[in-house]
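Given next are the chains, with one letter for each unit.
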Amino acid sequence: MANIKFFTGMDIPLELHKVRMVQKLNLQPIERRLEAISEAGNNTFLLKNKDIFLDMLTDSGVNGMSDRQTAAMLICDDSYAGSASFERLEAKVHELFGTDYLLPAHQGRACENILAISFVKEGDIIPMNFHFTTTKAHITRLGGRVAELLSDEGIQTSSDNPFKGNIDLDKLRRFIADTDPQHIPFLRVEAGTNLIGGQPLSLENMHDVCEICREHHIMTVLDASLLQDNLYFMKTREEQCKNLTIREITKRVADEFDIIYFSARKFGFARGGCIAIHDKKHYDQMRELVPMYEGFLTYGGMSVREMEAITVGLDETMDEDVISQGPLFIDFMTKELLKRHVPVVTPSGGLGCHLNAREFLPHIDDHEYPAGALAAAVYLAGGIRGMERGTLSEQREADGTEPIADVELLRLALPRRVFTMSQVLYAVDRITWLYENRNLVGGLRWVEEPGSLRFFFGRLEPTSNWQEKLVAKFRADFKDSL
Ligand code: F0G
């Protein structure tokens, strides 16, 4: 994004790229949207793309690719073993992170599977700033637990703390003092903390956390899936990073951790996964699982084309003009909603704009899923697909009790380089309309509730006929508009 001062005083992010390939979208009438959300069991994961106008479900695997990435995909080496495409990826990761070893996997959660199988055993506790859904599922499946050591401010939805993803160092020291070291296989830091609104950690906090772990011989693992947004926030929000390049910040981050893994569906603007490792001992502990679960060591389930696209995508990630686009668009959307008094998570983070469903719909009980209901309502209001990030995304305890999520959010992801300003403004308009009519929105209840990762495939229904009432109000207000 360009640092442009406008003569007319406009305050808008300006893209430093142009669009050279497009995909047609459908904006269905609200009556069809009502049918579609019912067919999908009020679960936005189960909607079909033909019924969606703005797909803000995720930033995973759907970022806009560059001409250079597309060109690189044409020259690739599809050798099963010893592929030159893998060598190029390996060399790029080494250049950026300084790590000597690389294991490929088909996506981020596959890296988590390999890490968990290699290091987690029954009774282990893995400290981290905050969990991610798939990370936690892999750890608990093996009989381990997660300990969240996020600073208390991390879950305050309205804040001006620039680094809400930071680990509380006192909590970390207490955790280490109170836990049998045999049961701490590693500490995990998640850059751009997803489930609290894409909130970053500071370089200082990463350093302090890793320093404490080094003192206690605890291995450190960075989930770098959302590192690109985090790098931008370090550069723009942290004094010690102001005069460093993105490359230099990346290297400083990578120097802190023993192992760095990432979903290249986010970090790298393509599709795949990587585990970058400093120490051969750790590489050897994980290596055999790659051919067993993913594919041979020189592709790990990724297509060679995607590996070429990741290599170029990682290089582009080192360009501040490129990685600023997501955070600046998200900040723009967040501020436009705030101007209209819509409750959103502040400060704006990476990944997407996050609506605070507990404040948006205070009349809905947590057990009737405010963020899930808001996801269905936002889809009805504008054909906009978001993702519930709250209680529905939690897992029941073994005894069936339902943990209530710390934060109850509707995430509206802004995949990088994908949406236009007018589409963002359309979303702001429809969400504002919904906010004005929030009293019409009711809760949801289960029709089919799977035992694990229920948010992916579970089905729900409205607790009353609130959706029909919302459609009628839309028609009254918008007449024959889509
Ligand atoms: N870690 C983080 C922080 C993530 O956000 C994700 C995926 C993963 C790991 C797993 O990576 O999808 O390639 O297997 N997040 C996506 C999302 C699914 O929509 O937030 P993956």
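Residues numbered from 1 in each chain as written. Predicted model: local features only at pLDDT ≥ 70, side-chain atom pairs only at ≥ 80, totals over all residues. Heavy atoms only, no water.

Draft legend 1. Structural context of the packing of helix 4 (residues 108-119) against helix 10 (residues 280-287). Where helix 4 contacts helix 10, the axes come no closer than 9 Å and their chain directions differ by 100°. Taken together, helix 4 and helix 10 sit at an angle that is classed as roughly perpendicular. Between helix 4 and helix 10, the residues in contact are Ile114, Leu115, Ser118 and Phe119 and His282, Gln285 and Met286, respectively. Residue composition of the contact of helix 4 with helix 10, grouped by class: four nonpolar, three polar and no charged. (Axes fitted to C-alpha atoms, helices over the stretch in contact; angles between N-to-C directions. Helix = DSSP H or I, 4+ residues; strand = E, 2+ residues; numbered from the N terminus. Parallel < 35°, antiparallel > 145°, perpendicular 65-115°, else oblique. Contact = heavy atoms within 4.5 Å. Nonpolar A, V, L, I, M, F, W, Y, C, P; charged D, E, K, R; others polar.)

Draft legend 2. Examining helix 4 more closely. Between its first and last C-alpha atoms helix 4 spans 17 Å; for twelve residues at 1.5 Å apiece the expected length is 16 Å, and the two agree. Counting buried positions along helix 4 gives ten out of twelve residues, so the element sits mostly inside the fold. What helix 4 keeps buried is the set Gly108, Ala110, Cys111, Glu112, Asn113, Ile114, Leu115, Ala116, Ser118 and Phe119. (Expected span 1.5 Å × (residues − 1). Buried < 20%, exposed > 50% of the residue type's maximum accessible area, 1.4 Å probe, protein only.)

Draft legend 3. How the structure looks around the state of the cysteines. Taken as a whole, this structure holds zero disulfides when the rule is applied. Cysteine 111 supplies the cysteine sulfur nearest to cysteine 274, a cysteine that is in no disulfide, at a spacing of 6.8 Å. (Disulfide = S-S within 2.5 Å.)

Draft legend 4. Representation of the domain arrangement of the protein chain in the model. Its domain assignment divides the protein chain into domain 1 (2-59 + 322-477) and domain 2 (67-318). Domain 1 and domain 2 are separated by 27 Å when their C-alpha centres are compared. On the domain 2 side, the residues contacting the 32 residues of domain 1 number 38 residues. The largest contributions to the domain 1 side of the interface with domain 2 come from Ile323, Pro347 and Arg416, which together make up 23% of the buried area. Across the contact surface, domain 1 and domain 2 share five salt bridges. Between aspartate 59 and lysine 266 there is a salt bridge, with the nearest N and O atoms lying 2.5 Å from each other. Our count for the contact surface shared by domain 1 and domain 2 stands at 13 residue pairs in polar contact (both at pLDDT 80 or more). Elements with a contribution of two residues or more to the side of domain 1 that touches domain 2: helix 13 (320-323), helix 14 (325-339), strand 9 (352-356), strand 12 (409-413) and helix 18 (454-457). (Domains from an automatic or database assignment. Buried area = accessible area lost by both parts, 1.4 Å probe. Salt bridge = Lys/Arg side-chain N within 4 Å of Asp/Glu carboxyl O. Polar contact = N/O pair within 3.5 Å; in protein donor to acceptor, adjacent residues only side chain to side chain.)

Draft legend 5. Structural view of the layout of surface pockets. Roughly 470 Å³ of internal volume is contained in the second largest pocket. In terms of lining, the second largest pocket is formed by 24 residues, of which the most central are His131, Lys136, Glu394, Gln395 and Pro403. The element contributing the most residues to the lining of the second largest pocket is helix 5 (residues 133-141), with four residues. Within the lining of the second largest pocket, the residues separate by chemical class into ten nonpolar, six polar and eight charged. Of the residues that make up the lining of the second largest pocket, three or more belong to each of domain 1 (2-59 + 322-477) and domain 2 (67-318). (1 Å grid on protein atoms, 1.4 Å probe; cavity = no way out; pocket = protein on both sides within 12 Å on 5 of 7 lines; lining within 4 Å. Points joined across faces, edges and corners; volume = space filled by probe spheres on them.)

Draft legend 6. Molecular detail of the site of the ligand. If you check the shell around the ligand, you find 17 residues, and the closest are Thr58, Arg109, Asp223, Ser263 and Arg411. Within the contact set of the ligand, a nitrogen atom lies 2.6 Å away from a side-chain nitrogen or oxygen of aspartate 223. Taking lysine 266, its side chain carries an N or O atom lying 3.1 Å from an oxygen atom of the ligand. In the complex, the protein chains occlude 96% of the 470 Å² of accessible area that the ligand would expose alone. Among the elements that line the shell around the ligand, the one with the most residues is helix 4, at three residues. Tallied by class, the residues present in the shell around the ligand amount to two nonpolar, eight polar and seven charged. Both domain 1 (2-59 + 322-477) and domain 2 (67-318) contribute no fewer than three residues apiece to the shell around the ligand. (Near = heavy atom within 4 Å. Areas by Shrake-Rupley, 256 points an atom, 1.4 Å probe, with all protein chains shown as cover.)

Draft legend 7. View of the nonpolar core. The biggest cluster of nonpolar side chains holds 58 residues, and the ones touching the most others in it are Met333, Leu355 and Leu434. Considering every element that reaches this core, the biggest residue donor is helix 16 (residues 370-382), with ten residues. Contact partners of methionine 333, with chain neighbours within four places excluded, come to Met56, Cys353, Leu412, Leu414, Val424, Ala427, Val428 and Ile431. (Core = buried A, V, L, I, M, F, W, Y, C linked by side-chain atoms within 4.5 Å.)

Draft legend 8. Just empty space enclosed by the protein, in detail. Summed over all chains, the structure comprises three cavities of 30 Å³ or more. Of the volumes computed, that of the largest cavity is approximately 110 Å³. Every residue lining the largest cavity is counted, 14 residues in all, and those nearest its centre are Asn43, Thr44, Glu388, Leu392 and Phe455. Contributing elements (two or more residues each) for the lining of the largest cavity: helix 16, strand 11 (387-389) and helix 18. The volume enclosed by the second largest cavity comes to roughly 60 Å³. As for the second largest cavity, its lining consists of Glu112, Leu115, Ala116, Thr135, His138, Ile139, Phe186, Arg188, Val221 and Tyr261. At the level of elements, helix 4 and helix 5 are the ones that each hand at least two residues to the lining of the second largest cavity. Grouping the constituent residues of the lining of the second largest cavity by class yields six nonpolar, two polar and two charged.

Draft legend 9. Summary view of the sheet that holds strand 11. The strand order across the open sheet formed by three strands is 9-12-11, and the pairing between neighbours is antiparallel. Where the open sheet ends on each side, the last strands, each with one partner, are strand 9 and strand 11. Across the sheet, the mean angle separating the axes of adjacent strands is 30° when strand polarity is ignored. Taken strand by strand, helix 16 contacts strand 9, strand 11 and strand 12, and its axis lies near 40° from that of strand 12. (Pairing = 2+ DSSP bridges.)

Draft legend 10. Broad picture of unusual backbone geometry. Here the residue pair threonine 346 and proline 347 is connected by a cis peptide bond, since its omega of -5° sits within 30 degrees of zero. With respect to the element layout, proline 347 can be found in the loop between helix 14 and strand 9. One non-glycine residue, asparagine 42, lies in the positive phi region at around 55°. By the secondary structure assignment, asparagine 42 is in the loop between helix 1 (30-39) and strand 1 (54-55).

Draft legend 11. Representation of the pattern of salt bridges within the structure. The final tally for this structure, using the stated rule, is 42 salt bridges. Between aspartate 284 and arginine 287 there is a salt bridge, with the nearest N and O atoms lying 4.0 Å from each other. Taken together, the residues aspartate 284 and arginine 287, both in helix 10 and three residues apart, mark about one turn of the helix. For aspartate 284, a relative accessible area of 34% puts it in the partly exposed group. Measuring nitrogen to oxygen at the nearest pair gives 2.7 Å for the salt bridge that ties glutamate 336 to lysine 339.

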